[in-house]
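Structure at a glance
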Amino acid sequence: MKNLMPILLVLAFVSCQKEVFNPQQTSEFSIHSSANGADYTIKVALPQHYDPETNQYATIYVLDGDENFNFVAENSEKISTEYSTTNVLVVSIGYGNDRTVDYTPTSATEGKGQAEKFMQFIQDELIPKMETDYGVDTARESRIILGHSFGGLLAAYAFTNFNTVFGGYLMLSPSLWYDNEILLRYEQENRDINNNHHQLVYLGLGELEKGGRMLAPFEAFYHRLAFNYPGIKLGRHLEPHLDHVGSKNPNILEGLHFYFENR
Amino acid sequence: MKIINYISIFFLLLNLSAVNAQNASSFKIHGTYPVRTLTLEPAIGLNIWTMGDLRVSNVVQWNIKKRLSLISYSAYVYNNSMSRNFNYIRTDYDYTLNQKFGVGTSLYGRHSSHTFSLLAGIKYDAIKETLVNPEFEQVTASVHSVSPDFGLMYNLKKGIGKYFFTYRMVIPLYPYPFKSFDITSVDGNLANIAMEFGVGVRL
């Protein structure tokens, strides 16, 4: 055991090293939201040879950006190269409020329910700034939102209640159990408006997400999208042998592959 | 930060085992602790990270030499015992079966022995949930998964009679690092760290 410890420590140290996306392709700014009064740090990963004069770039808005930005930016570049297609701008939204405030649609035991204001911030303040300052594509189909867990819940909420904002949704382990599956009610209420739009939706989960809450609402949401949205490009994946946190990065990779293959 | 906390706790637990080993190695071997060919050690316990996963397990240890054992570890885990009806999501079943085999080495004290073993085998997980919210359609979903399973086990035997007290801790080495070298996957290891207590019998 004593001999094993240094090896394990080295392995853990090496695997703890965070990939950092090329700083020369990264820009950062702060933005004060008049919708909810919070200040957000936004990081933007630019594609190689970024030239807004000649290219219309799509954008992936990444929730829990402080944790996910580098991984998404690195892999977005790799996967777009693999598919020989233009890369996107990866827009990381840092924490202005706690995620249980910004990412939850209603006030319940687990969250404060300020998602509507957060979505207004994205729609009315962040996206216009990206369009003005970075010259990104203004078409709905060129905007994608990516979130995990409560971030996945917010992505699902964007789908049901702010469907004109994004054309693509990468929902990873979405907390659809939240507030007695309130998202299923929103989906039902807004279905007739939303199912006329073209959508690209990737739903990912860890195969071994336990806790008695993830699997059944995930399947219910997936079936509703599959049977009620004729214009949808829908992907579903259960990451083998992994749980809620462990499946996040593999599902980001699957989701990015799905997006670049089907956009 | 959460990941760093997980890692810290993971290695704290590994270190606790290492400390036990160091203490044990300082014991003098008086030759009084009975080393029998075969022991059976049924036990009950829980997964310490989740607390709601209850375990029934059995170890069969065959001491082929004083310091070398072959070990079979079997377990049934009743997962998520505390929250089987949450927000109109009913857990129909959620359990895990483990079967691992491995080799171990033992250190002996006057009244106890400490066995450290490396195990490998398979794990079967079965989960079935049903959405029973009266507002929506009923949807049932299930997962049946077979995966490899690796782990370290520390096993304390206390008592020199035919029957003895047994305590063990099992630390999984799957999914991290065998399936994935991504440190976030260590969450799956932590969720299955087990502590078990029971009464063993020497045959």
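What you see is a predicted model, and the numbers here were worked out from it, not measured in a lab. (Residues numbered from 1 in each chain as written. Chains lettered and ligands numbered in written order. Predicted model: local features only at pLDDT ≥ 70, side-chain atom pairs only at ≥ 80, totals over all residues. Heavy atoms only, no water.)

A look at the interface of chain A and chain B
Put simply, the rule reads: It only takes one pair of heavy atoms within 4.5 Å for two residues to be counted as in contact. By definition, the buried area sums, over both parts, the 1.4 Å-probe accessible area that each loses when the two are put together. Take a side-chain nitrogen of Lys or Arg and a carboxyl oxygen of Asp or Glu: if they are within 4 Å of each other, that pair is a salt bridge. The classification used treats Ala, Val, Leu, Ile, Met, Phe, Trp, Tyr, Cys and Pro as nonpolar, Asp, Glu, Lys and Arg as charged, and all other residues, Gly among them, as polar.
Listed as interface residues are 41 residues of chain A and, on the opposing side, 48 residues of chain B. Taking both sides of the interface into account, the surface hidden between chain A and chain B amounts to around 3800 Å²; carbon and sulfur atoms contribute 64%. Run the count over chain A and chain B and you get three salt bridges. Looking at the side of chain A that touches chain B residue by residue, the class counts come to 20 nonpolar, eight polar and 13 charged.

Remarks on the pattern of salt bridges
Residues and elements named next belong to chain B. The line we're drawing: Only DSSP runs of H or I covering at least 4 residues are called helices, and only runs of E covering at least 2 are called strands; the numbering of each starts at the N terminus. For each residue, the accessible area found with a 1.4 Å probe, counting protein chains only, is set against the maximum for its type, and the residue is called buried under 20%, exposed over 50%, and partly exposed in between.
Per the counting criterion, the structure on display carries 18 salt bridges over all chains. When the shortest N-O distance is used, the salt bridge between R55 and E196 registers 2.8 Å. Of this pair, R55 sits in strand 2 (residues 54–65) while E196 sits in strand 9 (residues 194–202), placing them 141 residues apart in sequence. Residue E196 pairs with R168 through a salt bridge whose shortest N-O separation is 2.8 Å. Remark: R168 occurs in strand 8 (residues 163–172) and E196 occurs in strand 9; sequence separation between them is 28 residues. The burial state of E196 is the same as that of R168; both residues are buried.

What about the packing of helix 2 (residues 65–82) of chain A against helix 8 (residues 248–262) of chain A?
All names here are of chain A. The line we're drawing: Angular values range over 0 to 180 degrees, each being the angle between N-to-C directions of two axes fitted as lines to C-alpha atoms, with helices fitted over their stretch in contact. When describing relative orientation, an angle under 35 degrees is termed roughly parallel and one over 145 degrees roughly antiparallel, while 65 to 115 degrees is termed roughly perpendicular and anything else oblique. A clockwise turn of the near helix away from the far one marks a right-handed crossing, whereas an anticlockwise turn of less than a right angle marks a left-handed crossing.
Packing of helix 2 against helix 8 leaves a shortest axis separation of 10 Å and a crossing angle of 40°. By the angle class used here, helix 2 and helix 8 are oblique. The two elements helix 2 and helix 8 cross, and the hand of that crossing is right-handed. Residues E67, N68, F71, V72, N75, S76, I79, S80 and E82 of helix 2 pack against K248, N249, I252, L253, L256, H257 and F260 of helix 8. Here the residues of the contact of helix 2 with helix 8 sort into seven nonpolar, six polar and three charged.

Overview of the side chain of R202 of chain B
All names here are of chain B. To keep things clear, this is the line we draw: We count Lys and Arg on the positive side and Asp and Glu on the negative side, and we leave His and both chain ends out. Any N or O atom pair separated by 3.5 Å or less is treated as a polar contact, with the protein-specific requirement of one donor-capable and one acceptor-capable atom, and with residues adjacent in sequence counted only for side-chain atom pairs.
Mapped onto the elements, R202 comes out in strand 9. No salt bridge is formed by the buried R202; the nearest opposite charge belongs to E41, separated by 8.1 Å. Of the polar contacts made by the side chain of R202, one reaches the backbone oxygen of G159; its length is 3.1 Å.

Section: the nonpolar core
Residue and element names in this part refer to chain A. Under the convention used in this document: Nonpolar core, defined: a set of buried Ala, Val, Leu, Ile, Met, Phe, Trp, Tyr and Cys residues in which side-chain atoms within 4.5 Å join the residues together.
Of all hydrophobic cores here, the largest spans 66 residues; its most connected members are I93, M130 and F166. In this view, F166 contacts Y61, M119, I122, I127, R140, R143, I144, I145 and A158; residues no more than four positions away in its chain are not counted. Core analysis: the second largest hydrophobic core is formed by 23 residues, F71, A73, V90 and L146 among them.

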